[in-house]
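Architecture at a glance
The primary structure of each chain is shown beneath.
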Amino acid sequence: MFQKLLSYLIPINIFKQNSSINKSLEVTWNNGKLVLDSKNTNYSYGSLQRALKKGLRFIGFERIEKFENVLVLGVAGGSVIKTLRDEIKYKNKITGVEIDKNVIELANRYFKLNEIKNLELVNEDAFEFVLKTKEKYDLIIIDIFQDTVMPNFLFEDFFIHRINFLLNLNGFILFNTMVLNEKDKERNKIYRSKFKEEYSLRMYPKIEEHNELFTIKKLKI
Ligand SMILES: C[S@@+](CC[C@H](N)C(=O)[O-])C[C@H]1O[C@@H](n2cnc3c(N)ncnc32)[C@H](O)[C@@H]1O
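What comes next is a walk through the structure. (Residues numbered from 1 in each chain as written. Predicted model: local features only at pLDDT ≥ 70, side-chain atom pairs only at ≥ 80, totals over all residues.)

A closer look at the site of the ligand
Rules: A residue counts as near a molecule or strand when its C-beta atom, positioned from the backbone, falls within 6 Å of it. Numbered from the N terminus, helices here are DSSP runs of H or I no shorter than four residues, and strands are runs of E no shorter than two. Under the scheme applied, nonpolar residues are Ala, Val, Leu, Ile, Met, Phe, Trp, Tyr, Cys and Pro; charged residues are Asp, Glu, Lys and Arg; polar residues are all the others, including Gly.
Every one of the 27 residues lining the ligand counts as a neighbour, but Ser44, Gly74, Ala76, Val80 and Ala126 are closest to it. Looking at the shell around the ligand, the elements that each hand over two or more residues are strand E4 (42–44), helix H2 (47–59), helix H4 (79–87), strand E6 (93–98) and helix H6 (126–132). Of the residues contributing to the shell around the ligand, the split by class is 16 nonpolar, 7 polar and 4 charged.

Shown next, in the form of structure tokens:
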């Protein structure tokens, strides 16, 4: 395809829409790959996908393949879901929660998420979803951004406790954060201190330019 080839020279934007949640949503051919961006950052299939893939590698692809239930909070174009299916060969259930219905439409139209088997996409605020769900999960991926802003609830005790409750024993949380200034650094330090000896927490700074990842394993109920 001509646009794909040309995109090795310059990025070719093929879709753009304003969004109250994400400022803007843009689908662009970039170096032969279709990516989804918000106004100021990459959302799917670019540096974001690379960052989360590294996080999954830290947890271990072989371990993840055997999990039975995975929750993804913040779906965007679904690049981590594609990594789980195509590279890790994880075949069991995935539930994806995404607040922005326009994002889900784009994910289906441009990235064919609706063709992925055993994937349930829920159009809801992740905060409300985790309050209501009756299921437990082996892996919970938290990847929630509104452009470059991370909502405060992600760092508050209430949400942290609820996520910990939803996690099976020996299960993992993969939390993607953005660190742009000293305040964000401090916020992450406080987050880290909230996990006591029932958890094994690792922090991976500077994964892609501004990303800092956490992997958190539940060692005891
Ligand atoms: C960086 S993108 C997610 C990328 C995705 N994990 C991937 O692998 O391609 C962040 C997403 O979080 C969504 N989001 C923001 N606030 C949310 C909320 N409260 N609940 C659910 N999704 C939210 C945004 O609409 C956006 O699609």
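After that view, the rundown keeps rolling.
Side note on the packing of H2 against H4
To be explicit about the condition: Axis lines are fitted to C-alpha atoms, over the contacting stretch for helices. Their N-to-C directions set the angle, which ranges from 0 to 180 degrees. Roughly parallel here means an angle under 35 degrees, roughly antiparallel means over 145, roughly perpendicular means 65 to 115, and every remaining angle is called oblique. Handedness of a helix crossing follows the sense of rotation of the near helix relative to the far helix, less than a right angle counterclockwise being left-handed and clockwise being right-handed. Throughout, a residue-residue contact means that the two C-beta atoms, derived from backbone geometry, are no farther apart than 7 Å.
For the pair H2 and H4, interaxial distance at closest approach is 9 Å and the crossing angle is 45 degrees. Between H2 and H4, the interaxial angle falls into the category oblique. In this structure, H2 crosses over H4, and the sense of that crossing is right-handed. For the pair H2 and H4, the contacting residues are Leu48, Gln49, Leu52, Lys53 and Leu56 in the first and Ser79, Val80 and Thr83 in the second. Looking at the contact of H2 with H4 residue by residue, the classes come out as 4 nonpolar, 3 polar and 1 charged.

Comments concerning the nonpolar core
Soluble globular proteins tend to pack their nonpolar side chains together in the buried interior. Condition: Only buried residues count toward a nonpolar core: Ala, Val, Leu, Ile, Met, Phe, Trp, Tyr and Cys, linked into one set through C-beta atoms within 7 Å. We call a residue exposed when 12 or fewer other C-beta atoms sit within 10 Å of its C-beta, buried when the count reaches 20 or more, and partly exposed for counts in between; the C-beta positions come from the backbone.
Val70, Val72, Leu139, Ile140 and Ile173 are the most contacted members of the largest nonpolar core, which totals 54 residues. Dropping the residues within four chain positions of it, Val70 is found in contact with Leu84, Tyr90, Lys93, Ile94, Tyr137, Asp138 and Leu139.

As for the sheet that holds strand E11 (residues 211–218)
Where strands meet in a sheet, backbone hydrogen bonds hold them as pairs that are either parallel or antiparallel. Basically, it comes down to this: In this description, strands pair whenever DSSP reports at least two bridges between them.
Across the sheet, which stays open at both edges, the 7 strands sit in the order E7-E6-E5-E8-E9-E11-E10 with mixed pairing between neighbours. Only two strands of the sheet have a single neighbouring strand rather than two, namely strand E7 (119–123) and strand E10 (199–204). Strand-to-strand twist of the sheet, defined as the mean angle between neighbouring strand axes without regard to direction, takes the value 15 degrees. When strand E5 (residues 69–73) meets E6, the two strands line up parallel, connected through 5 bridges. The residue bridging Asn69 from the neighbouring strand is Lys93, located in E6. Against the sheet, helix H7 (residues 157–166) engages strand E8 (137–142), strand E9 (167–178) and E11, with an angle of about 140 degrees to E9.

Here we look at H2
Our working rule: Working rule for helices: expected span equals 1.5 Å times residues minus one. Here, the arc refers to the directions that run from the helix axis to the C-beta atoms.
An ideal rise of 1.5 Å per residue puts 18 Å on 13 residues; H2 measures up with 19 Å between its terminal C-alpha atoms. Along H2, the residues classified as buried are Leu48, Gln49, Ala51, Leu52, Gly55 and Leu56. Taken end-on, H2 shows its buried residues confined to a sector of 160 degrees, consistent with a single buried face. Here the buried face of H2 lies against E4, helix H3 (61–65), H4, E9 and E11. Of the residues one or two after H2, Gly60 is the one with positive phi, at around 110 degrees.

A short note on the environment of Lys183
On the secondary structure map, Lys183 appears in helix H8 (residues 182–193). As for Lys183 and Glu68, which are separated by 115 residues in sequence, their C-alpha atoms are 37 Å apart.

Concerning unusual backbone geometry
The backbone phi angle of Asn170 is positive, close to 70 degrees, even though this residue is not glycine. Relative to the helices and strands, Asn170 resides in strand E9. On the neighbour-count criterion, Asn170 (12 C-beta atoms within 10 Å) is exposed. Here Lys206, not a glycine, exhibits a phi torsion of approximately 50 degrees, which is positive. Mapped onto the secondary structure, Lys206 falls in the loop between E10 and E11.

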